[in-house]
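Survey of secondary and tertiary structure
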Amino acid sequence: MPQGFSCKRVGSLALALVAMVGWLCFSPALARAQNTNSGTVTGQVTDAQGKAIVGAVVLLTNQSTNGALPTVTNSVGRYVFVNVQPGEYTLDVKKTGFKEATVKNQDVPVGKPLTINVPMQVGAATQTVEVTASGATLQTMNATVGDTVGQNAILKLPALNRDANSLTVLQPDTQPDGGVGGADSDQNTFTLDGGQNTNEMDGSNDVYESATGGQTSGVIPTPAESVSTFTVGVSNQSADVNSAAGSSVAMVTKRGTDTFHGSVYEYYLGSYLSANTWSNNWQGISKPKSHRNRFGVALGGKILPNWLGGKTYLFGDYEGLRYPLAGLYSRAVPTATLRAG
């Protein structure tokens, strides 16, 4: 079974886009429009009276790599960060005459905007105020209905075949076969790290590929231990999703961080765990021996010292599948009397 393997350097290098690099180099506008492997952080900086603060320095820091993105608020106190890799971030705001404001542990989802409005207090710049962002902020930038599933949920929720795609059926208005909103399961679209991952033959990848166990999924396998987060939109998709009558699934693989992280795993389901059928026991037929075994290893971290002004990260995942299927088949045969005429 093919496995995901990615190398990240400070920003991002999209996984599974090697074959498309040449084409995308000649289509930069389209590449930006179809960027489904990142998020957007935006908001407004105001004073105690609610008036906009112009020229405030805003710093967005990735908590796992300490990589920082700077910007400055505009004439109405607003700021925006685009193409932000999904993950946990800290937002710092500084302005002369005001206390420094910090908002910690903000989760940036894939394919969705995150709004963080920051109120600042008058005081010395050496003082810091930790701001608690409200989780009930009205989202006015995106009308897509759906949900984002994080890394902890992906690992802990029961998943068919331990593939992250099987969790997409837990969304509202989704049928068990993967169909969404009345559309068939082959009307869903899948992207992986911004690259197209939809099966071009049947759309659902459950007709020509038995390894998914009949589960709607993308073409490239996505083991639960290799996926960082994914977002599912079931209706009102944005304009960059133009081929999904059903759902749109945007997945992002894990990345290397300043500290090494990984896992070794194995999932085994054997025939000996279940009883034989009544008819087999009555006929003295033993139960066929079969099993499904998924196993793998994942590892990521910083692999080189800082060079050329940046850091180099690596994350890799290998997964194997062993599925020797055996079964009993019944056929009608003539009796001895019939054979004798």
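Residues numbered from 1 in each chain as written. Predicted model: local features only at pLDDT ≥ 70, side-chain atom pairs only at ≥ 80, totals over all residues. Heavy atoms only, no water.

As for the overall build of the chain
Going by this rule: Where helices and strands are cited, they refer to DSSP runs of H or I of at least four residues and of E of at least two residues respectively, numbered from the N terminus. Note on definitions: a residue-residue contact is assigned when non-hydrogen atoms from the two residues lie within 4.5 Å. Under the convention used here, a 1.4 Å probe and the Shrake-Rupley method define accessible areas, while residue burial counts only the protein chains that appear.
Tallying secondary structure elements over the chain gives 5 helices and 18 strands in all. Considering only intrachain contacts with a sequence separation of at least 6, the fraction spanning at least 24 residues in the chain is 66%. When the accessible surface of the chain is summed, it comes to about 18,600 Å², and 57% of that surface belongs to carbon and sulfur atoms.

Section: the packing of aromatic side chains
So the rule is basically this: Only centres within 6.5 Å qualify two rings of Phe, Tyr or Trp (six-membered ring in Trp) as a pair; their planes then separate them into stacked at under 30 degrees, edge-to-face at over 60, and tilted for everything else. In this scheme, the term charge over a ring applies when either NZ of a lysine or CZ of an arginine sits within 6 Å of the ring centre and within 35 degrees of the ring normal.
The tally for this structure, following the rule as stated, stands at 3 aromatic pairs. Over the aromatic face of Tyr323 sits the side chain of Arg292, whose NZ or CZ is 3.9 Å from the ring centroid.

What about the pairing of strand β6 (residues 87-94)?
Stated precisely, the cut-off is as follows: We call two strands paired when DSSP finds no fewer than two bridges between them.
Across 6 bridges, the pairing between strand β3 (residues 57-62) and β6 is antiparallel. Following the sheet pairing, Asn62 is matched in β6 by Tyr89. Both β6 and strand β7 (residues 100-108) contribute to a ladder of 6 bridges, which runs antiparallel. Among the inter-strand pairings, Val93 is bridged to a residue of β7, identified as Ala101. Hairpin connection between β6 and β7: a loop of 5 residues separates the two successive antiparallel strands, and Gly97 in this loop has a positive phi of roughly 95°.

Focus on the pattern of salt bridges
To keep it simple, the criterion reads: When a carboxyl oxygen of Asp or Glu is within 4 Å of a side-chain nitrogen of Lys or Arg, the pair counts as a salt bridge. Only protein chains enter the area calculation, which uses a 1.4 Å probe; residues under 20% of their type maximum are buried, those over 50% are exposed, and those in between are partly exposed.
Taken as a whole, this structure holds 4 salt bridges when the rule is applied. Across the pair Arg255 and Asp193 runs a salt bridge whose closest N-O atoms are separated by 4.0 Å. Pair noted here: Arg255 is in the loop between β15 (248-253) and β16 (261-270) and Asp193 is in the loop between β12 (189-192) and β13 (195-196), with a separation of 62 residues, a long-range link. Comparing Arg255 with Asp193, the two get one shared label, buried.

Considerations on the sheet that holds strand β14 (residues 227-235)
Across the sheet, which stays open at both edges, the 5 strands sit in the order β11-β14-β15-β12-β13 with mixed pairing between neighbours. Edge positions in the open sheet fall to β11 (145-149) and β13, since each of these has one partner strand only. With 2 bridges joining them, β12 and β13 adopt antiparallel strand pairing. Each residue of the ladder has a partner; that of Leu192, found in β13, is Gly195.

Some remarks on the confidence of the model for the chain
Spelled out, the test is: Residue-level confidence of the predictor is summarised by pLDDT, bounded by 0 at the bottom and 100 at the top.
With 79% of its residues at a pLDDT of 70 or more, the chain shows a mean pLDDT of 77. Mean pLDDT across the secondary structure elements of the chain bottoms out at helix α1 (residues 21-25), with 31, and peaks at β3, with 93.

Let's talk about a nonpolar patch on the surface
Put simply, the rule reads: Patch membership needs two things, relative accessible area over 30% and no salt bridge, and members are linked within 9 Å if like-charged or within 5 Å if nonpolar (Val, Leu, Ile, Met, Phe, Trp, Tyr).
Together, Phe260, Leu299, Ile303, Leu304, Trp307 and Leu308 give the surface a local cluster of nonpolar side chains, amounting to about 640 Å² of exposed area. By the element assignment, Ile303 lies in strand β17 (residues 291-307).

Observations concerning the nonpolar core
Defined as follows: By nonpolar core we mean a set of buried residues, namely Ala, Val, Leu, Ile, Met, Phe, Trp, Tyr and Cys, connected to one another through side-chain atoms within 4.5 Å.
Grouped together as the largest cluster of nonpolar side chains are 21 residues, with contacts concentrated most on Val41, Val45, Leu91 and Val118. For this core, the secondary structure elements donating two or more residues are β2 (39-46), β3, β5 (78-84), β6 and β7. Discounting residues that sit within four places of it in the chain, Leu91 has contacts with Val58, Leu59, Leu60, Tyr79, Phe81, Ala101, Thr102, Val103, Ile116 and Val118. Counting 15 residues, the second-largest nonpolar core is a separate cluster that includes Val227, Val232, Val234 and Met251.

Overview of the pairing of strand β4 (residues 68-72)
Pairing of β3 with β4 involves 5 bridges; the strand directions are antiparallel. Of the residues in β4, the one forming a bridge with Thr61 is Ala68. Hairpin geometry of β3 and β4 is characterised by an intervening segment of 5 residues between the two adjacent antiparallel strands and by a positive phi of about 60° at Asn66.

Observations concerning unusual backbone geometry
You will see that Asn83, though not glycine, has its phi angle at about 55°, which is positive. If you trace the backbone, Asn83 turns up in strand β5. Phi is positive for Asn105, which is not a glycine, with a value near 55°. Here Asn105 shows up in strand β7.

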